[in-house]
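Spelled out from the first residue to the last, the chains are:
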Amino acid sequence: MDMNEIKEIFFQECEEQLAELESGLLKMNDGDRDPETVNAVFRAVHSIKGGAGAFGLDDLVAFAHVFETTLDCVRSNKLEPTQDVLKVMLKSADVLADLTNAARDGGSVDESRSRGLVKELEALANGELPSPSAAAEAPAPKAAAKAAPAAPAPTPKPTDDSGFQPIPFSFDDFGGDEAGSDLPAYEVTFKPRYELYSKGNDATLLLRDLSRLGEMTIYCNMDELPGLEELDPEGAYFFWNVTIKTDKGEDAIRTVFEFAEWDCDLTVKPVEAASAGAAGNEELPMVPVPFDLSILDETDATEQVSATRSEDAAAAVAAAETASNVTQMAAAAARVEKKESAAAAAAAANAAAQNNAAGAGQTIRVDLDRVDRLINLVGELVINQAMLSQSVIENDTTGTSSINMGLEELQQLTREIQDSVMAIRAQPVKPVFQRMSRIVREIADMTGKSIRLITEGENTEVDKTVIDKLAEPLTHMIRNAVDHGIETPEKRAAAGKNTEGTVRLTAKHRSGRILIELADDGAGINREKVRQKAIDNDLIPADANLSDEEIDNLIFLPGFSTADKISDISGRGVGMDVVKRSIQALGGRINITSKPGHGSVFTMSLPLTLAVLDGMVVTVAGQTLVVPLTAIVETLQPEAAAIHSFGANHRLISIRNSFCPLVDVGRILNFRATQANPVEGVALLVESEGGGQRALMVDAIQGQRQVVIKSLEANYTHVPGIAAATILGDGRVALILDVDAVVGASRGQSLKAEMSLAAVG
């Protein structure tokens, strides 16, 4: 594996870490204060920084380092994660994603924006609130202080010109706690190289993370520290010997150093129970650290340090101060964690159990092209299996031969293989939904609106091909909802609404398809304005008699926009047109439900996969069609007494004391010029989105089969009423019926004559 492949893997992992980062920040924004959530956010930024340092991505490392420092303040209860603080952090997550994309694709990032956020993050780390709105939350630091009584008092002032600051602590914390005496112990030797510091890593943070795994004893070895004249400012001379008692295991210890392992010498060895007890009680070698003793007597601290310090020992004293700081910080972190409440400990234990369970399943990364090739091969296998079955059936009249039995087993095996391969491509819609959060934030800032995005059903799975093509239409719909749907805070307040608007994005499975709904609680569609705009743009005649549904659908026309002026967000009339074309290209459909003053709901119905479907093979006017099985409710044989005429050209069929419109598929598709006799055919009761139930008339049913979808539009052209094509077992091409288009045509939305499919030999 060359460096480019390793780098590509790093960027793939960055995408996962960025998704974890945004997910955690959104949870915190919703009020989640679970320490594990905060730790997950911190780890995501830390992992990105560590990997970026290994590849020399300096801009990414520098920004991630500042971001990480601020998150560490939140993690240590020094900074309260208020709404204003999290707003800055969400923007920082966006910039971090931009920097990652720029590093991968060779683009650039707005430096003024990144510099501004660096200043805001540094201000937060220094305890400065981001805006006056945070003044109302001033009591929050007191609450944090109560939650962490072990936090030190205000930092003492320097005791001499060198800037030395004593760190107060209590000797009472060193004894009496034998709770972890029975835990497994490990000896860890951590020796950084100079590359570790040059890439933005910090030994202090690594040791602090290590201390969170359990009870820890740490000793800083300074034997390799040279004299002042030989000292390299960028060198690494300290290393640490650590004895830690933890039940997390050796893998958890090594995970702490995951992104620093190439830039340090690390050894982890288990310690026998007897020696572990001895190690815990054994006194470490004394190291002369003058300022440690000064803590006992602050009055004489300056005099004692000045009296004992000489010019020859200046470097050693400075090194001792640094080593002691690292030691005390790590020990303090361990003591704080020991004093956490029982509820917090239980929550952390549950989170750890979930992480262990999630980590139990092993995964591998596979190039998507390989999966696509496998799916194509399985599709060909299905077609050949169907052809083989068809040939045997035509040549074997008994139907009981061993060949038939073998073919049935082959059919079941082929189906299982196909289902398993399709499951490989199935992915949750969560990554696409998370991208919408950033779009909402950016458009809300540009329009001066306050908007909250709520997502549901993020783990709903769909084929990756559908997911890849879902981002563009969703982006345009989100922009439309925020810019046109949600009112300004002033208008919402005047209407008696909450000044904060809500956009809800949901996904769910229904009848073998995925439904994605985008709802807002805005003003709804102004139908009078939409109608007038369409007339002004010569899209409809002035005397057109349109229903509410037809007026709502005018927004999908190319070039249509209700914006009064063109802006960076809208006004050119391309957004919703792109949405409709994108959804139709996926074999889906979109419906609008709007109530003036209460908001609008856009519903997209998409197939779960673009590769296969289960269908009913039928005959219509000598043509073979496939009707998707998910649309069929039941099949029935019409009787003459159940058929009723309605108007000049319409007929109804009576089904269990209710009437359902009867639709002649052959007549709708222009396969024949006159309507067929219903009694001589078969009725398929189907259900479509927005069209209710219809009984589709076909001549005969050949059987139920799983077919491989082949794009008709890519190989021929778009044909109204036809969704796609497939190859049958006998080698013939069959057309897959677009049930919703046929139902729409039966309701008066006739298919264009020049695009209809004529019957051919």
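In what follows, the structure referred to is the one given above.
To start, this report covers the structure provided alongside it. Going along each chain's sequence as written, the residues are numbered from 1 onward. Totals for whole chains, interfaces and linings use all residues, but because this is a predicted model, local features are given only for residues with pLDDT of at least 70 and pairs of side-chain atoms are given and counted only at 80 or more. To get the side-chain values, take all heavy atoms of the structure and skip hydrogens and water.

Strands are labelled as partners when DSSP assigns at least two bridges between them. Numbering of helices and strands starts at the N terminus; helices are DSSP runs of H or I of at least 4 residues and strands are runs of E of at least 2. The strand order across the open sheet built from four strands is β2-β3-β1-β4, with neighbouring strands paired in antiparallel fashion. At either end of the open sheet lies a strand with only one pairing partner, and these are β2 (215-221) and β4 (264-271). The average angle at which neighbouring strand axes cross in this sheet is 15°, direction not considered. In this structure, strand β1 (residues 185-192) lies alongside β4, joined through eight bridges in antiparallel fashion. Bridge pairing in β4 places Phe190 opposite Leu266. Convention adopted: a line fitted to C-alpha atoms gives each axis, helices being fitted over their contacting stretch, and angles between N-to-C directions are expressed from 0 to 180 degrees.

Bringing the environment of Gln385 into the picture now. One can find Gln385 in helix α15 (residues 368-395). Each C-alpha atom, one on Gln385 and one on Glu408, is 10.0 Å from the other, the two residues being 23 residues apart in sequence. Leaving out residues up to four positions away in the same chain, Gln385 has contacts with Leu407, Leu410, Gln411 and Thr414. In what follows, residue pairs with any heavy atoms lying within 4.5 Å of each other are defined as contacts.

Ordered in space as β20-β12-β13-β22-β21, the five strands form an open sheet in which the pairing is mixed. The open sheet is flanked by β20 (700-708) and β21 (722-727), the only strands paired with a single partner. Strand after strand, the sheet turns through a mean of 35° between neighbouring axes, direction not considered. Judged from the five bridges that link them, β21 and strand β22 (residues 733-737) form a sheet pairing that is antiparallel. Along β22, the bridge assignment pairs Ile727 with Val733.

For this document, the term salt bridge refers to a Lys or Arg side-chain nitrogen within 4 Å of an Asp or Glu carboxyl oxygen. Throughout the structure, instances matching the rule amount to 27 salt bridges. Among the salt bridges present, the one from Glu68 reaches Lys49, with a minimum N-O distance of 2.6 Å. Taken together, the residues span a long stretch of sequence, with Glu68 in helix α3 (residues 58-75) and Lys49 in helix α2 (residues 35-54) at a distance of 19 residues. Here Glu68 matches Lys49 in class, with each residue buried. The shortest N-O distance in the salt bridge between Arg75 and Asp209 comes to 3.0 Å. A residue pair is termed long-range when its members are at least 10 positions apart, and Arg75 in helix α3 and Asp209 in helix α8 (residues 203-211) qualify at 134 residues. The buried label goes to any residue with under 20% of its type's maximum accessible area, the exposed label to any with over 50%, and the partly exposed label to all in between, with areas taken from a 1.4 Å probe on protein chains only. For Arg75, a relative accessible area of 12% gives the class buried. Given the relative accessible area of 15%, Asp209 is considered buried. Put simply, Glu22, Asp94, Asp98, Arg113, Arg438, Arg441 and Glu442 are held in one network by salt bridges that share partners.

Attention now goes to the packing of helix α4 (residues 83-105) against helix α17 (residues 430-447). Running from N to C, α4 and α17 point in directions that differ by 115°, and their axes come no closer than 11 Å. Judged by the sense of rotation from one axis to the other, the crossing of α4 with α17 is left-handed. Each of Lys87, Leu90, Lys91, Asp94, Ala97 and Asp98 in α4 lies in contact with α17, whose residues at this interface are Arg438, Arg441 and Asp445. Note on residue classes: Ala, Val, Leu, Ile, Met, Phe, Trp, Tyr, Cys and Pro are nonpolar, Asp, Glu, Lys and Arg are charged, and everything else, Gly too, is polar. Its residues assigned to classes, the contact of α4 with α17 comprises two nonpolar, no polar and seven charged. Handedness of a crossing is defined here by the sense of rotation of the near helix relative to the far one, left-handed for an anticlockwise turn of less than a right angle and right-handed for a clockwise turn.

Pairing of strand β16 (residues 650-655) with strand β17 (residues 658-664) involves five bridges; the strand directions are antiparallel. Residue Ser654 lies in a different strand from β17, and its bridge partner there is Phe659. Between β16 and the antiparallel strand that follows it, β17, lie two residues; Arg656 among them carries a positive phi value of about 50°.

Right, let's get into the packing of aromatic side chains. Planes of paired rings set the category: under 30 degrees apart is stacked, over 60 is edge-to-face and the rest tilted, where pairs are Phe, Tyr or Trp rings (Trp by its six-membered ring) whose centres lie within 6.5 Å. Throughout the structure, instances matching the rule amount to six aromatic pairs. One aromatic cluster is present, built from ring pairs that chain together Phe190, Phe238, Trp240 and Phe257. Over the aromatic face of Phe42 sits the side chain of Arg75, whose NZ or CZ is 3.8 Å from the ring centroid. Ring-over charges, as used throughout, are those where CZ of Arg or NZ of Lys falls within 6 Å of the ring centre and within 35 degrees of the ring normal.

The next thing to look at is α8. A large share of α8 lies buried, amounting to nine of its nine residues. Along α8, the positions that sit buried rather than exposed are Ala203, Thr204, Leu205, Leu206, Leu207, Arg208, Asp209, Leu210 and Ser211. Where α8 begins, one side-chain oxygen reaches toward the backbone nitrogen of Thr204, 2.9 Å away; that side chain belongs to Asp202. Throughout this description, a polar contact denotes any pair of N or O atoms lying within 3.5 Å of each other; where both atoms belong to protein, one of them has to be capable of donating a hydrogen while the other can accept it, and for residues adjacent in sequence the pair is counted only when both atoms sit in side chains.

Bringing helix α1 (residues 3-29) into the picture now. How far a helix is expected to stretch is found by multiplying one less than its residue total by 1.5 Å. Helix length check: α1, at 27 residues, gives a terminal C-alpha distance of 38 Å against a target of 39 Å (1.5 Å per residue), a fit within 8%. Looking at α1, one finds that the buried residues are Phe10, Phe11, Cys14, Leu18, Leu21, Glu22, Ser23, Gly24, Leu25, Met28 and Asn29. In this structure, the buried side of α1 is in contact with α2, α3, α4 and α17.

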